[in-house]
Each structure stands twice: as structure tokens, then as C-alpha cells.
Amino acid sequence: MASTKTPFEIVKEDDFVEYFLFPVGCDIDNDSSLEEVTKRVNTVVNKYASTYIWQKDQFNVIPRNIAGLPPLVDNEESLPPHLYGTLHYGENIEDEWFLVFLLQQLTKEISGLIVRVVDADGEFLLIEAANFLPKWASPETCDQRVYIYEGALHLIPLENVDEEEEEDNEITVTQAIEKVRTDPATTRASDAIQNAIDNDVAGYPSKIEENLHRSNVYVPVGVAALLKERPSLIAPAVMGFCHRDPIDVRVCRAMRYFPPENRVMTSVTFTKCLYAMLLQQKFVPDRRTGWNLPAQSSPTYLTHSLGMKIACGFEILVSQCKGSNDEQDDLSTDKRWAHYHTSLKEKGYFKDLLEGSQEYNKLEKVAKDYYRSHTTTYQPSIGQIVLRLLDTVEMDVDEMKEAEKNLPTSDDDSWLQVSVEDLDRLMAERYGGKQAARSMEVSSHLSTFLKHVSTHEGAEFPSLNGECSTSSPSTAPLSSVAMDTDADADSATDDDSIRAVAAAVGRGSGGGVTFDADAFQCAVTNILDFVVPDDSWDLDDSDGSGMSGYEDEAEMEIGKRRTDGKSETPITELKQYMDQMDRELSSTTLGQSFEKKVGKAAKKGMEDSFSDIESFEPVDIDMNALKNILESYQAEMGGSGPASTLLGPMGVKLDKK
């Protein structure tokens, strides 16, 4: 099946959006109809976006899949004639959602227009409505099934929901468009999905003004004239400065085009994203350049600093272009052109002509002209535009000085400071309100959970009243085992071990199930003949390959038995190994990393086993477990993880503050 993916896969960019506009009644052999639709599209967009400041790219569409040269993308022939556009939104995700708003308005105001929009994540509109999607929806099954028509989202359902093979549910773009036009009632997404999308575009176009920030800055005259002529140039200037490299920094030492000697105060309109990016940039200009900035404690420092950064941004933009008249004909750095040029060679467009020959160059020029007129990625460099404007704009210094007296005050930038309460409110608006947290101690619930005896089928979470939050899954099976074993023990077998198992699992006085864990373990151990060596085993005469050979013989003899004044307790070889490891680890960095109990009683009780460690302190199990869980919860950063998974069913809700 053909795909609509473009050579952006080759460019490897992840901040782009692609949009396809499919008008009704367009013919592949007649591009005049597409040109008419293009004019109508631009008219609608200008009505809403005339004052919008785009972070990187502006809204733009070009006709595709009409008669002419081979398509710019190998699989374009599978699509009907359409308008195509791409948008890079950079650091400002609002550009992506404003684009969605524009596309919705286009489908409302242009009859029959169907739009498909995707980004690096695919059908990103469904990501916002993930909680309301049908069960069959997945990134694979929803590919090329999401469209915007008459302002609403349309999701084409699967015809064979039960089919496991992905190929059985594939659909082409042409088929999908026809389905939306002929049966819009079936394809229209649910109200819950519509509302999820509308929440992200709510407030436009009035929201445009809310995302702007105006500030008075002290800039060179040339910069003030450029921003007055074209305010949108502030975006590439800020981006150029924020993404500067060492070569750009050297350019800022010269300031050939925007010297700081002659500066004026002017009002500049930023987006909040651009203003925050520029404000957070740390940059100290070269004193030899002429930037006489006031002290940082001065109230005018901010206006001078911002103006200096903006001027450096414009200087960087100009330096990145060669300034020659042939620059507009240079496509050597355009990756999409390189891909298209290779495609033309493979399809025989150059007729096996020698590269560089006269005929070859003529065909290449035609291909370049076609490429420039049918792609949104090729545009004259911003530096070229700035240079051209510098030659045409008026720079009346006296008029600018007079205008300084009537400048509006700068907007309050307190929105940059987000308190904990503001963050909680924003998170609640974006992801929903917090659930009421219960007032309880994590350590007490953790201790209760660790002390709770679980069944053989796994751990259960004790509830607030000390009982299990769910009924024990082992009750029925254990009851069945008890009844079946009691009924068949005498008739089926006389094995003492089997009867021991039956005795371990029995009925209590209340009709419930009683389970003696020690008896059950002993019985199963005897069945498997997995007997732990007792105290009568001569450790010295053992033929095994245990680690006893590495321990001092005298120390092993001392550790065989210990007395408490009343009886003797056998010490197995495994226990001696564990004691020896504890002694060795207690003096290491790992041993010191645990939280210890401080108490003479605990210390006195362990003196016999650790007589060689004078300052031994036993590990505080509860404190270590609590400490590790809290560190794990903090590392989750609000997401899901082992700590929240463990604490959630126990009813523990940690305060995110």
C-alpha cells in the first residue's frame, strides 16, 4: 500500500507537521482549479493569522500531483491532486495547535475540503484523545484513517475488527477520502474525541493576543526600522541568537551591519516563548564592539541587554548568507532537492546526458524551477530578506527619537515565575484534577504490607482495617485441596508425606481454611527430599565443594554450636556463610550505605554473632525500605513506576509537592 510519508524521513527532523488539503472536483491535468483553491486558502488563513508570529515556518501550501515533471515524492502518484504544506514549530508547540485551528476553519469555510495532518509521531490528533478511542484503535490500525472535514474529526472505522493481519485493514488515502465524503455520519468521531481535540484549540483566534509579550528595548537604528517594517522578523532573529555557534559569536564582535553606536528605544512584540528564550540566554558582548551596557542592578539593564541580543541575532542572520545575487539559485544544501535530483536520474529524466553539458544544465534548470514552485521547504534565506529590506526601509533617526516619548510601557513578565500552586493548577487544567489524598503515614502502611502474610499465588495489599483489600485468591483452591486430600489420602496412598500435606491444610473452627505454613513447608521438603543438613553433619569431613575450605578451621569449629544456657541450637554451614558475609560487608561502603538502628538492646542481642565488630548496629529494615521507595517515587517524576504501583493499591497517595 502506498504511503504519504515524505523525504522528511531522510532529513530526520522531529519538529514538523505535514498537512494535505484535498479539495473536491480537482483534475490532475488541470492545475487552474488547484490554484483557485490556493487563493481561497490563503485568504482564509490571512484572516486569522495576519498578526500571528510563527516560531520557525509560516503557513504555506503548494499544489501537488498535477501534470508536469515526476512527483517530488516517489509515492505521490497514489494521491489525488491536493495542496501540501509543512510547518516546523521548533520550541513552540502552540504553532502546531494553531495550525490545527486553521485547518478546522478551512474545512468549515471551503465546501468539500478534507484535510489530513500528521507529525513525527504520526496521527498526533488521536494522541490527545487516547482515553476515548475505540478498542481497535492503535498506531498501526489508525494510519491514514484520521481526517478533518467540516470542522470535525473523522475516524474511519475498521471493516474487519477481528482480523489480526494488519494488511486486511489497510486503506488508501483515496479510499479514505471517498468514505468520508459519501458517509460522514459513520466516520465522524465521537463527541468525547471531538471535545479532547477542541480543548487544545480552544480560545483561538483571541488566544493569539494572550500569547504575545511586548517589551521596550534599546536597539540599533537598522534593527528598529526592520522590526517596524516586518514585526515577524523577531522570531528568526531570536532563534538565530539562541542557536548561535562559535562562528556566529565571532561575527557578533564585528557588528558590520548593525553597529551599536546609534541606538534608539523601540517597542518589540514577542511571543511568550520567544521572550522567555531570549531572556534566559547568558551572553557577555565584547567591550571592543561598543556595547556600553549599564550595570546589572540598573533598572535599564534589561532593555539594553535584550536589545543587544536582538541586534546580534540579526547580525547572525545576515552573516549566514553569502550576499550574492546567485544565492537564490543555490540548492546545494537542500536535502530534499538532493533526493529529488537523484530520483530524476533514476527515472531517466536526464536522458543519459553527460553531467555539466549544455543540454543537461537546461534540463536541470527546468527541474530546479519546478522544485522551487512546488515545495514549501525552499525559501530565500532570512539573511537575504533582511539585506533587501535594509536597502529599502527608511531610517529616520530623528523620527525614531521623537517616537520614544510615546512608547507604551512594557508588559509585566511575572508570568515567567510559576509558583507551586500555579503549577498544580496548570497540571489540573491539562490532565484533570487531583484525587483527594488520604492523610496517612507511608511508613505505617509499608510496615503493614511487609508484615502481611501472602498466599502462594502472590502478594496481597492489606486494607485500612487490616484485612486484604480483595478476597484471598487461594481460599477456594486450598479448600479444594483440603477436601480432596482428606477424602483420598487413606484410599489412594499410605505415604506419610502426603498425609502431612493434608494435615498442614485443614479447616478452622469457623468453617474457613487454616494453613500451617511451617508444617506445609516441612512436608513438601520431605517429599522433595530436600533436607537441610543438620548439626550432626561433620563439616570437616564433607566431600562437597562448599566454601568451608576457605574458612579458618578453628572458627568453623567454634561456630558449629552455641548455647544460651538452656539448650543447644544447631548452626548449619549455610548460616555460617551468611554470618561471615555479614561481618565482611559491615565494614565496606555497601554496608555503611544502609540506615542503622541505634539501641543498646539491639546491639547487645547481636554481640555473640558479631563479636569482632565492636560498633555493629543492625540494619533498620523499615527505614531502608521507606527510603528506597521514596527515592524511587521521586525518580518517577510524576509518571508510573514501581513505587507508585506498590503504594497505589495500598491507598497511599504521596503529595506531589
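Our subject is the structure that appears above.
This text gives an overview of the structure that appears in the document. (Residues numbered from 1 in each chain as written. Predicted model: local features only at pLDDT ≥ 70, side-chain atom pairs only at ≥ 80, totals over all residues. Heavy atoms only, no water.)

Brief notes about the pattern of salt bridges
Selection rule: By definition, a salt bridge exists where a carboxyl oxygen of Asp or Glu is found within 4 Å of a side-chain nitrogen of Lys or Arg. Runs of H or I in DSSP of at least four residues are treated as helices and runs of E of at least two as strands, each being numbered from the N terminus. For every residue, the accessible area (1.4 Å probe, protein chains only) is compared with the maximum for its type, and the residue is labelled buried under 20%, exposed over 50%, or partly exposed between those bounds.
Per the stated rule, a full pass over the model turns up 14 salt bridges. D15 is the salt-bridge partner of K56, the closest N and O atoms lying 3.4 Å from each other. Of this pair, K56 sits in the loop between α2 (32-49) and β2 (62-64) while D15 sits in the loop between α1 (8-11) and β1 (16-22); the two residues are 41 residues apart in sequence, bridging distant segments of the chain. Classification of K56 by relative accessible area gives partly exposed; the value is 42%. The buried category is assigned to D15, whose relative accessible area is 12%. Through salt bridges with shared partners, a single network forms among R116, E123 and D143.

Here's the deal with the packing of helix α3 (residues 94-109) against helix α7 (residues 191-201)
To keep it simple, the criterion reads: With axes taken as lines fitted to C-alpha atoms, and helix axes fitted only over the stretch in contact, angles between N-to-C directions fall between 0 and 180 degrees. In this scheme the handedness of a crossing depends on how the near helix is turned from the far one: anticlockwise by less than a right angle means left-handed, clockwise means right-handed. The contact rule is simple, with two residues in contact once any of their heavy atoms fall within 4.5 Å. Side-chain classes follow a simple rule in which Ala, Val, Leu, Ile, Met, Phe, Trp, Tyr, Cys and Pro form the nonpolar group, Asp, Glu, Lys and Arg form the charged group, and the remainder, Gly included, forms the polar group.
In the contact formed by α3 and α7, the axes pass within 8 Å of each other and the chain directions differ by 115°. Remark: the crossing between α3 and α7 carries left-handed chirality. Across the interface between the two elements, W97, V100, F101 and Q104 from α3 touch I197, D198, D200 and V201 from α7. By residue class, the composition of the contact of α3 with α7 is 5 nonpolar, 1 polar and 2 charged.

Some details on the nonpolar core
Inclusion rule: Residues enter a nonpolar core if they are buried and are Ala, Val, Leu, Ile, Met, Phe, Trp, Tyr or Cys, with the set joined through side-chain atoms within 4.5 Å.
Core analysis: the largest hydrophobic core is formed by 48 residues, its most contacted members being V41, F59, L103 and L106. No other element matches the 8 residues that α3 contributes to this core. With 47 residues, the next largest nonpolar core counts M239, F270, L274 and W291 among its residues.

Brief notes about the sheet that holds strand β3 (residues 82-88)
Basically, it comes down to this: Two strands qualify as a pair provided that DSSP identifies no fewer than 2 bridges between them.
The antiparallel open sheet is built from 6 strands, whose spatial order is β2-β3-β1-β4-β5-β6. Of all the strands in the sheet, just β2 and β6 (152-155) have a single pairing partner and so form its edges. Averaged over all adjacent pairs, the angle separating strand axes in this sheet is 30°, with direction ignored. Note that β1 and β3 share 6 bridges and pair antiparallel. Bridge assignment links L21 to a residue of β3, and that residue is L83. Contacts between α3 and the sheet are confined to β1, β3, β4 (114-119) and β5 (146-149), with β1 contributing the most and set at about 5° to the helix.

Let's talk about helix α27 (residues 621-636)
Applicable threshold: Take the number of residues in a helix, subtract one, and multiply by 1.5 Å to get its expected span.
The end-to-end C-alpha separation of α27 is 23 Å, in line with the 22 Å expected for 16 residues at 1.5 Å each. Taken together, the buried positions of α27 are N624, L626, I629 and E636.

A look at the packing of helix α10 (residues 234-242) against helix α12 (residues 272-279)
To be explicit about the condition: An angle below 35 degrees is treated as roughly parallel, one above 145 as roughly antiparallel, one from 65 to 115 as roughly perpendicular, and anything else as oblique.
Here α10 crosses α12 at 30°, and the two axes come no closer than 10 Å. Considered as vectors, α10 and α12 are oriented roughly parallel to each other. Handedness of the crossing formed by α10 with α12: left-handed. Across the interface between the two elements, A235, V238, M239, F241 and C242 from α10 touch L274, M277 and L278 from α12. Class assignment of the residues belonging to the contact of α10 with α12 gives a composition of 8 nonpolar, no polar and no charged.

Examining the pairing of β6
On β6, burial covers both faces: A152 and H154 on one face and L153 and L155 on the other are all buried. Where β5 and β6 come together, 4 bridges link them in antiparallel fashion. For V146, the partnering residue across the bridge sits in β6 and is L155. The hairpin turn running from β5 into β6, its antiparallel successor, is 2 residues long, and E150 in that turn takes a positive phi close to 55°.

What about unusual backbone geometry?
Cis geometry is adopted by the peptide bond preceding P205, which originates at Y204 and carries an omega value of 5°. Secondary-structure assignment places P205 in the loop between α7 and α8 (207-210). Backbone geometry at M255 places phi at a positive 50°, although glycine is not the residue there. Looking at the secondary structure, you find M255 in the loop between α11 (246-254) and β8 (263-271). A relative accessible area of 2% places M255 in the buried class. Unusually for a residue other than glycine, D352 sits at a positive phi of about 60°. With respect to the element layout, D352 can be found in the loop between α14 (335-346) and α15 (358-373). Classification of D352 by relative accessible area gives exposed; the value is 84%.

Considerations on the environment of P259
With respect to the secondary-structure elements, P259 resides in the loop between α11 and β8. Separated by 53 residues in the primary sequence, P259 and C312 place their C-alpha atoms 9.6 Å from one another.

Points about the packing of aromatic side chains
Rules: For this analysis, a ring pair means two rings from Phe, Tyr or Trp (six-membered ring only for Trp) whose centres lie within 6.5 Å, classed as stacked if their planes differ by under 30 degrees, edge-to-face if by over 60, and tilted for the remaining angles.
One pass over the structure, following the stated rule, counts 17 aromatic pairs. Between Y48 and F101 the ring centres are 5.5 Å apart and the planes differ by 85°, which places this aromatic pair in the edge-to-face class. On the criterion of sequence distance, the pair formed by Y48 in helix α2 and F101 in helix α3 is long-range, its members being 53 residues apart. A single burial state applies to Y48 and to F101, both of which are buried. On the basis of an interplanar angle of 50° and a centroid distance of 5.5 Å, the ring pair of W54 and F98 is categorised as tilted. Placement of W54 in the loop between α2 and β2 and of F98 in helix α3 is noted, with a sequence separation of 44 residues between them. Across the pair, F98 and W54 agree in class, each one buried.

Interpretation note: all reported values are geometric properties and have no functional meaning in isolation.
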